[in-house]
Amino acid sequence: MRYNYSKSGCAGIIYDGVNLSDIFVVEDVRVPVLPSITASTLSLPHRPGEYYCSEQLGTRTVTIRLRVDAESRCPLDVFRSWREVSPLVHKAEPKKLYLDEDLYVWAKLTGETEIEQSAYYGTVELSFTCFDPYFYGPVHSIPLVNGANAFSMACEAYPELELSAVSSTVKVLNEDTGDFVQVSVPDYYSGMKLVVDMEKQTCRTSTRYVAPDLLSDFFLLSGVARVRLIGASGTLRYQERRL
């Protein structure tokens, strides 16, 4: 990832809507290529080594060094200068952190915040933990008709479908894999709204959650996707998500 460094530091680092380079000198930014990855394995008696089962993605930590000009050599003045601006980086919950691009990650300040003083300046190295390690981008909307639909996905994603039912039974079929989600809509009327959320694995109308058919399997889509709608039309939405 390339950052815009100049004599005044790094620009384009925006946290919770605030461009940090407007307040601080951003001396350094460190971002891991990938979040921590843990392998789940299985070992069997009398068999050498282990069998790989799956991987578990952990958190990602973005480290940012920020410098404040206190206009004083007094350590207490440096501390007070940092205390005044600390609410800009300390939030009660994760906030959007942009790293000089259109993608953002949800990040929260954690760990130590010791001040390093040099002349008039106080520098703090801050660790922002991304408990959700993905970078998120634009939301895409794709209209779907009752029947066959083919479209391209910008990335692999679990979509959300906002549907208008024209039948008491609605089915969403991934024609490439055969996976499907089927719902019998209660108290059906023509045009009834139904939301199928593949990521949260839920189906709901405007008034209640609805249990899908027992053979249903919520699925993700990627690349050139082919989805068939039966008993409904509507809109498919997904958000770009990248590691």
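As a reminder, the structure under discussion sits directly above these lines.
Criteria and cut-off values
Residues numbered from 1 in each chain as written. Predicted model: local features only at pLDDT ≥ 70, side-chain atom pairs only at ≥ 80, totals over all residues. Heavy atoms only, no water. Pairing = 2+ DSSP bridges. Helix = DSSP H or I, 4+ residues; strand = E, 2+ residues; numbered from the N terminus. Axes fitted to C-alpha atoms, helices over the stretch in contact; angles between N-to-C directions. Patch = residues over 30% accessible without salt bridge, like charges linked within 9 Å, V, L, I, M, F, W, Y side chains within 5 Å. Areas by Shrake-Rupley, 256 points an atom, 1.4 Å probe, with all protein chains shown as cover. Salt bridge = Lys/Arg side-chain N within 4 Å of Asp/Glu carboxyl O. Core = buried A, V, L, I, M, F, W, Y, C linked by side-chain atoms within 4.5 Å. Buried < 20%, exposed > 50% of the residue type's maximum accessible area, 1.4 Å probe, protein only. Contact = heavy atoms within 4.5 Å. Phe/Tyr/Trp six-rings, centres within 6.5 Å; stacked < 30°, edge-to-face > 60°. Lys NZ or Arg CZ within 6 Å of the ring centre and 35° of its normal.

> Outline the sheet that holds strand S16 (residues 169-174), supporting the account with residue identities and numerical values.
Spatially, the 4 strands line up as an open sheet ordered S14-S20-S16-S17, and their pairing is antiparallel. The open sheet has two free edges, formed respectively by strand S14 (147-152) and strand S17 (180-184), since each of these has just one partner strand. Taking the axes of each pair of neighbouring strands and ignoring which way they run, one obtains an average angle of 15 degrees across the sheet. Relative to strand S20 (residues 224-230), S14 is paired through 6 bridges, and the arrangement is antiparallel. Paired with Gly147 across the bridge in S20 is Leu229.

> Before we move on, can you summarise a nonpolar patch on the surface with the specific residues and values?
Nonpolar side chains collect at one region of the surface, where Val33, Leu34, Ile37 and Leu243 lie side by side and expose about 380 Å² of accessible area between them. With respect to the element layout, Val33 can be found in the loop between strand S5 (25-30) and strand S6 (37-42).

> Hey, could you go over the nonpolar core for me, with residue numbers and the actual values?
The nonpolar side chains of a soluble globular protein tend to be buried with one another. Counting 29 residues, the largest nonpolar core has Phe151, Leu161 and Val196 as the members making the most contacts within it. Of all the secondary-structure elements, those providing two or more residues to this core are strand S13 (135-144), strand S15 (160-165), S16, S17, strand S18 (193-197), S20 and strand S21 (232-242). With residues up to four places along the chain from it excluded, the contact list for Leu161 reads Leu144, Val172, Leu194, Val195, Val196, Met198, Leu229, Thr235 and Leu236. If you look at the next biggest cluster of nonpolar residues, it comprises 25 residues, including Cys10, Val26, Ile64 and Val68.

> An account of the packing of aromatic side chains is requested, with residue identities and associated values reported.
Evaluated as defined, the whole model comprises 5 aromatic pairs. Where Tyr104 meets Tyr136, the ring centres are 6.1 Å apart and the plane angle is 35 degrees; that geometry is what we call tilted. With Tyr104 in strand S10 (residues 104-110) and Tyr136 in strand S13, this pair connects stretches of sequence that are 32 residues apart. Each member of the pair Tyr104 and Tyr136 is classed as buried. The ring of Tyr120 has Arg73 sitting right over it, with the charged end atom 4.9 Å from the ring centre. Positioned above the aromatic ring of Tyr104 is the side chain of Lys96, whose terminal nitrogen or guanidinium carbon lies 4.6 Å from the ring centre.

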